[in-house]
Amino acid sequence: GYRDTTVQSVARRAGLTIGAIYANFANKHHLLAEAALRALDEMTAAEWLGSGDFGAKTLGDMLALQMSLPPTPQHRLLTEITGASMREMKEDSPILQNLHNLADLVRHWILAGQARNEIDPALPIEPLVNHVISLILGSWTTKSLGLPQPDFEASREMISRVMHALAPPAGAPGTQAAAAVTDDV
């Protein structure tokens, strides 16, 4: 776990000197957070979100995939790192940087969805960004706690219902096009 891991033990296992570790990472928090985030990035849909296809179906599928992926030791480590290092976490934390980047991508997706009238343009963006991030963080947390994970189709159905709720109200300009898109989510 986070508390029992030392930079010295990581350096020894990696065949590196402590100086080599500190040349690349500011502290234990940065080292372990970066390792956990890299491992999770290989398994998650972060690249999918960053692909530029910002349709409602893509975001729905990305969230459903994130929710249905099996738990890994990295989920637990990332949760433990975050909890244990809250006092020392600063703006340059890899975890915070990762969350800011993810929030930027989600914000871009929401703006694109609002421009295409897939998401009600009257809805404020920041609460939507926070809700999507909360779904992802909640998924990581439930995985780290060993709770049962939903399958992809069950997650996709739940996300589809959320997307329908975010669509512009019936009768709003452009809602026929939006209804056709959200029906495919």
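In this convention, every chain numbers its residues from 1, walking through the sequence in written order. Local features in a predicted model are, by the rule used here, given only for residues with pLDDT of at least 70; side-chain atom pairs are given and counted only at 80 or more, and totals for whole chains, interfaces and linings are based on all residues. Hydrogens and waters are ignored; side-chain quantities use all the structure's heavy atoms.

Trainee: Whenever I open this one, helix α9 (residues 152-166) confuses me. Can you help?
Mentor: Since there are 3.6 residues in each turn of an α-helix, residues three or four apart along the chain are aligned in direction. Counting from the N terminus, the helices are the DSSP runs of H or I reaching at least four residues and the strands are the DSSP runs of E reaching at least two. Helices are assigned an expected span. That span is 1.5 Å times one less than the residue count. Between the first and last C-alpha of α9 there are 21 Å, a value that for 15 residues agrees with the 21 Å anticipated at 1.5 Å per step. Exposed residues in this analysis have more than 50% of their type's maximum accessible area, buried residues have under 20%, and partly exposed residues fall in between, with area computed by a 1.4 Å probe over protein chains only. Listed as buried for α9 are S155, R156, I159, S160, M163 and L166. Buried residues of α9, seen end-on, are gathered within an arc of 140° and therefore sit on one face of the element. Opposite the buried face of α9, at more than 90 degrees from it, the exposed residues are E153, R161 and A165. Between the side-chain oxygen of the N-cap and the backbone nitrogen of E153 there are 3.3 Å, and the N-cap of α9 in question is D151. Starting at the helix axis, one direction is taken to each C-beta atom, and the arc is that of these directions. Under this definition, polar contacts are N or O atom pairs within 3.5 Å; protein pairs additionally need one hydrogen-donor-capable and one acceptor-capable atom, and for neighbouring residues in sequence, both atoms have to be side-chain atoms.

Trainee: I would appreciate a short explanation of the confidence of the model for the protein chain in the present structure.
Mentor: For residues with low pLDDT, the predicted coordinates do not support detailed interpretation. Averaged over all residues, the pLDDT of the protein chain equals 79, while 78% of them reach at least 70. Per-residue confidence from the predictor is reported as pLDDT, which spans 0 to 100. Contact between two residues is taken to exist if any of their heavy atoms lie within 4.5 Å; hydrogens are not considered. Across residues 177-185, confidence stays below pLDDT 50; counting only partners more than four residues off in sequence or on other chains, it has 18 contacts.

Trainee: Explanation requested: the nonpolar core in the structure shown.
Mentor: Within soluble globular proteins, side chains that are nonpolar tend to cluster in buried spots. Nonpolar cores are built from buried Ala, Val, Leu, Ile, Met, Phe, Trp, Tyr and Cys residues. Side-chain atoms within 4.5 Å join them into one set. Ranked by size, the top nonpolar core spans 28 residues in total, and within it L63, I81, V106, I110, V129 and I136 carry the most contacts. Contributions of two or more residues to this core are made by α3 (28-43), α5 (56-68), α6 (73-84), α7 (94-115), α8 (125-144) and α9. Ranked by residue count, the leading element in this core is α8, at seven residues. Filtering out sequence-adjacent residues up to four positions away, L63 remains in contact with V132, L135, I136 and I159.

Trainee: Would you explain the pattern of salt bridges in this entry?
Mentor: Pairing is possible between side chains of opposite charge, provided their charged atoms come close. Between Lys or Arg on one side and Asp or Glu on the other, a salt bridge is scored when a side-chain nitrogen of the former is within 4 Å of a carboxyl oxygen of the latter. Per the counting criterion, the structure on display carries four salt bridges. Across the pair R107 and E126 runs a salt bridge whose closest N-O atoms are separated by 2.7 Å. Within this pair, whereas R107 is found in helix α7, its partner E126 is found in helix α8, the two being separated by 19 residues in sequence. E157 serves as the salt-bridge partner of R161, at 2.8 Å between the closest nitrogen and oxygen. Residue R161 and its partner E157 are both found in helix α9; the two are separated by four residues, about one turn of the helix. Given the relative accessible area of 60%, R161 is considered exposed. What emerges from the salt-bridge pattern is a single network uniting D104, R107 and E126.

Trainee: How do you make sense of the side chain of H75 when you look at a structure like this?
Mentor: Within the secondary structure, H75 sits in helix α6. Given the relative accessible area of 2%, H75 is considered buried. Polar side-chain contacts of H75 include one of 3.0 Å to the side chain of T72.

Trainee: Even after reading the chapter, I still don't get unusual backbone geometry, so can you show me in this structure?
Mentor: Glycine aside, the phi torsion of most residues is negative, and most peptide linkages are trans. Unlike most non-glycine residues, N117 shows phi in positive territory, near 65°. In this fold, N117 is placed in the loop between α7 and α8. Residue N117 is classed as buried on the basis of its relative accessible area of 11%.

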